[in-house]
There are 2 protein chains.
Amino acid sequence: MPTQTFFSRVSRVFHDHPSVSRLLVLVTVSGGSLVAYADAGPTNGVPSIASTANVDEKKKKVVVLGTGWAGTSFLKNIKDPSYEVQVISPRNYFAFTPLLPSVTCGTVEARSIVEPIRNLVRKKRVDIRFNEAECYKIDAENRKLYCRSNENNNLNGKKEFVVDYDYLVIAVGAQVNTFNTPGVVENCHFLKEVEDAQRIRRTVIDCFERASLPTLDEEDRKKILHFAVVGGGPTGVEFAAELHDFVNEDLVKLYPGLQEFVKITLLEAGDHILNMFDKRITTFAEEKFRRDGIDVKTGSMVIKVTDKEISTKEMKNGEISSMPYGMTVWSTGIGTRPIIKDFMTQIGQANRRALATDEWLRVEGCDNVYALGDCATINQRKVMEDISAIFSKADKDNSGTLTVKEFQEVIDDICERYPQVELYLKNKQMHNIVDLLKGSKEDVAKESIELDIEEFKSALSQVDSQMKNLPATAQVAAQQGAYLAHCFNRMEECEKYPEGPLRFRGSGRHRFRPFRYKHLGQFAPLGGEQTAAQLPGDWVSIGHSSQWLWYSVYASKQVSWRTRALVVTDWTRRFIFGRDSSRI
Amino acid sequence: MPTQTFFSRVSRVFHDHPSVSRLLVLVTVSGGSLVAYADAGPTNGVPSIASTANVDEKKKKVVVLGTGWAGTSFLKNIKDPSYEVQVISPRNYFAFTPLLPSVTCGTVEARSIVEPIRNLVRKKRVDIRFNEAECYKIDAENRKLYCRSNENNNLNGKKEFVVDYDYLVIAVGAQVNTFNTPGVVENCHFLKEVEDAQRIRRTVIDCFERASLPTLDEEDRKKILHFAVVGGGPTGVEFAAELHDFVNEDLVKLYPGLQEFVKITLLEAGDHILNMFDKRITTFAEEKFRRDGIDVKTGSMVIKVTDKEISTKEMKNGEISSMPYGMTVWSTGIGTRPIIKDFMTQIGQANRRALATDEWLRVEGCDNVYALGDCATINQRKVMEDISAIFSKADKDNSGTLTVKEFQEVIDDICERYPQVELYLKNKQMHNIVDLLKGSKEDVAKESIELDIEEFKSALSQVDSQMKNLPATAQVAAQQGAYLAHCFNRMEECEKYPEGPLRFRGSGRHRFRPFRYKHLGQFAPLGGEQTAAQLPGDWVSIGHSSQWLWYSVYASKQVSWRTRALVVTDWTRRFIFGRDSSRI
């Protein structure tokens, strides 16, 4: 039949040549001039080198725990077919979490921001298998993982299984941190998983429907339509802004009498909301929210939540007060997952918030175990810990003093191994490390500077103050995943030809360059088509233009062309038809 | 800012002039040549006449229970602003239920087939209010409805309320009929609500994920991947076909080793599936399913379902057997909702399946209460019950005999009041009712036929055999809703100038013409882009062309331009990217 032939052909074309669908999407997208930002996938210019190992050799088994930003980024970038990869995660999909606040109000649909992991890996040449299960115990000593599949299983007794590994990549992320505040788990909504966002969406509509019932008085309506958001970080702020837009752009038309009863309160224990951003952004956001009628209460810590009320304590005067609410969303910082807590106790890292790794993302004290994303922090090496080793390594002629020439030979290695050095120089507006040495001997010509160990120590004594932990963001996790995959891809090659910096305490070089985070900027959508953007180099942009930058970046950063098309369609649809308020 | 200005302008244009968005959608849609079928909304050509009543007069209050096909169709068509309408339903949206089987496999998204009721009514000139609540008791004597709002309500003690009415429209639909088969409620999925479809979708993916776990043997995999569908009606058949396509077009790529273990069984107690369709369709469907590897077991009644097994009894030989399953979907006929059962007991209609109404959709024995859709059946009046009254009304000269001339004067009224007469004539291939009378007196010239009461009775004695109950379909419900709304719109006018047929038992005429169902045809999608269509006049079409007709009709029948655009987008997306298999 002609129609069928035509259509199955078109359909096949799309399946076989994804570039056509790209073209289609690009055409669609560029109609709205959305693509201002190219797809900036993590490529480091180094071509991956396929393993030359005999295929008959037993493949090394890599187990990846988690399918969030870090895990997925690792899977997308692993290319060496000499590995056999097994992925274990309770979710069979990757979720584009920065759009979760948009899902809460239906600006974007939940399905538009998720992509099945099996879809992401199925065309790779690497053997990757996925299991929907949760790992509940890591036994690093015997290289075993204890896993169980999801709950609703009607084949009892076969839920649990054990997995062996040669390399383990832990990327399980973090969980919500309630700071043990009573009543939070029972009464608050979180905003970490896709299901959370869907639940919030239903609850918002639920509040409006309940407030429409004929038997209520004004007081009841006010209580039900009071939305409290705890936590003034980017997620909480974005949710409050989305909710405000949803109410004022869409719900107000459908629930005409209720607008006057709606109140949104944003509670933040610190002095300002968005405190990780530039002060200009903080001020702008606070003022915009004030104009919008969102009640921003800074310096106000939540101490208890019951099923009807939320109790806060003013940080200034210790005053305690309570307010009734209809819905509370809790979005304050991240806590440690039980599996990570248990594992940290095993390997002597108890009482930490996250797994400590070195700069190569290897878990300290464990062989072949890597940790990345929100469940890990990089324990940066201090210059002062290694200062004697650095000095003796640099002092090639063992003269007991270091000349500039000797020093210059190891400068690059020092800067690579200890990134805080570079940051310090930048902060002090010095051109290079020689200026630092010179500091102590200003009267001497550069070439003839010579330092003994004590002088060297004092010159570098302040450098470690520049050390900073990386933020727990999607950006960091994604870069770590890509970095680790590239290390795995080049494992054999770098074993032979190490490319990392000098080992100051040992001999030879490190196999790989250490992980370096490249900050690409951060967005804080503030509602009403206005977004604050803080880009590298302290470039701050606030308003509609950064909203368009936000659209472009978020569209380009989608993991697949499918989700990209869906997200763009959702935005378009929202502009045309508004957000849907069906309670499903 | 230029971009913003441009965009807010465009956005405003769309909001203010919905016709522009229609244009846009039409352009989009016609690109795929989908609109072959015009938007056939129920209009009967009669302009609605606005009430001339003084606005100060108290408005008559109409309460509508339910927001399914019947209720929504009533709301869309009610135009007389002299009513005050209150809608009470546990769902704040209308769902396009014929697409539910598509939602189970993600061919269409759940949100694409729902439209908030508030959205559908907000631009009407009639005062319509909506309450998300469930009516649990009708007190027709005192004209009171007892309602309660949904469960998750944190303002206890204010859940319940009472609503008065002047007119009551009952359109609560039906519930699933388990025929009291043990274990069905606990272990089977249904396919009646949007939530059911979403749950089925999650469970299908769940079965595939569970079957992928490393510890299972082949037997386990076969058990988990056995999908049983109970009921060979259009819904069950369409679901089985959708599932087969989902597995073979999408899942097989993502779960490569599992295809051989998948089995779909369709169980039907009758001799054939799709038994309300033409025999050609039934045969085609059974053969297609056989080719596809779907196991069609007719004459097999389910007698028990446990958490692991489903037990059936062969109708032929009474043989009982059991088979393990991974998921069972139960889709066999409809049952009565508790509120309707209770109401029927009150008004002396106990032991019926649905509320009995007359041809004007008025509940028998209740003033001002109307019932339509799946919760009601029209109790058609038999000709033989009224035969004496008809005779004496027609016999104007009281001669004791009826001439053809006398009879011809009331023919139209008889045909209108008793639609079975027309059906009978058509069946017997008679041109008009005179042929029927002539039947008993073949030798007499047409003009001189005269019948006495006994001859008249015997001529019409077979007519009532043509009476048929209307099927419980969306089409019937929608037409009933529109019909009732038109009656309400013209209530005052028709009080003065009745337009219905003669009252044979009383004097004067009925206010309105009785409800007449106009069958527009029925579809049975069979998977693989093939659909069977049975159109009026026994026109049967099977294959790809009717699939395209199906697309066109279902796109055109959407209740709003928003859902129309979404459904078409979903289909397009499915062709390009396939169905999503994320387990959310």
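Residues numbered from 1 in each chain as written. Chains lettered and ligands numbered in written order. Predicted model: local features only at pLDDT ≥ 70, side-chain atom pairs only at ≥ 80, totals over all residues. Heavy atoms only, no water.

(A) The overall build of chain A, seen in detail. Helix and strand content of chain A: 20 helices and 25 strands. Counting across all 584 residues of chain A, residues that qualify as buried make up 55%. Look at the contacts in chain A between residues 6 or more apart in sequence, and 65% of them connect residues 24 or more apart. As displayed, chain A offers around 25600 Å² of accessible surface, 49% of which is attributable to carbon and sulfur atoms. (Helix = DSSP H or I, 4+ residues; strand = E, 2+ residues; numbered from the N terminus. Buried < 20%, exposed > 50% of the residue type's maximum accessible area, 1.4 Å probe, protein only. Contact = heavy atoms within 4.5 Å. Areas by Shrake-Rupley, 256 points an atom, 1.4 Å probe, with all protein chains shown as cover.)

(B) Representation of the packing of aromatic side chains in the model. One pass over the full model with this rule turns up 42 aromatic pairs over all chains. We note Arg574(A) situated over the ring of Phe575(A); from NZ or CZ to the ring centre the distance is 4.9 Å. (Phe/Tyr/Trp six-rings, centres within 6.5 Å; stacked < 30°, edge-to-face > 60°. Lys NZ or Arg CZ within 6 Å of the ring centre and 35° of its normal.)

(C) How the structure looks around the sheet that holds strand S10 (residues 226-230) of chain A. Residues and elements named next belong to chain A. Taken in spatial order, the four strands make up an open sheet running S12-S11-S10-S16, and their pairing is parallel. Edge positions in the sheet fall to strand S12 (295-298) and strand S16 (327-330), since each has one partner strand and no second. For this sheet, the mean angle separating the axes of adjacent strands, direction not counted, is 15°. Bridging between strand S11 (residues 263-268) and S12 involves four bridges; their strand directions are parallel. Counted as the bridge partner of Leu-266 is Val-296 from S12. Across the sheet, helix H9 (residues 234-254) touches S10, S11 and S16, and the angle it forms with S11 is around 175°. (Pairing = 2+ DSSP bridges. Axes fitted to C-alpha atoms, helices over the stretch in contact; angles between N-to-C directions.)

(D) Highlighting the sheet that holds strand S24 (residues 530-535) of chain A. Residues and elements named next belong to chain A. The three strands are arranged S23-S24-S25 in an open sheet whose pairing can be described as antiparallel. Looking at which strands have only one partner, the edges of the open sheet turn out to be strand S23 (522-527) and strand S25 (539-543). For this sheet the average axis-to-axis angle between neighbouring strands, irrespective of direction, equals 10°. Bridge count for S23 against S24 is five bridges, and the pairing is antiparallel. For Gly-527, the partnering residue across the bridge sits in S24 and is Gln-530.

(E) Structural detail: the confidence of the model for chain A. Residues and elements named next belong to chain A. For chain A, mean pLDDT is 85; residues scoring 70 or higher make up 87% of the total. Contacts for the low-pLDDT stretch residues 1-7, under 50 throughout, to residues beyond four places or in other chains number seven contacts. Confidence drops under pLDDT 50 across residues 16-56; counting only partners more than four residues distant or on other chains, this segment forms 46 contacts. (pLDDT = per-residue confidence, 0-100.)

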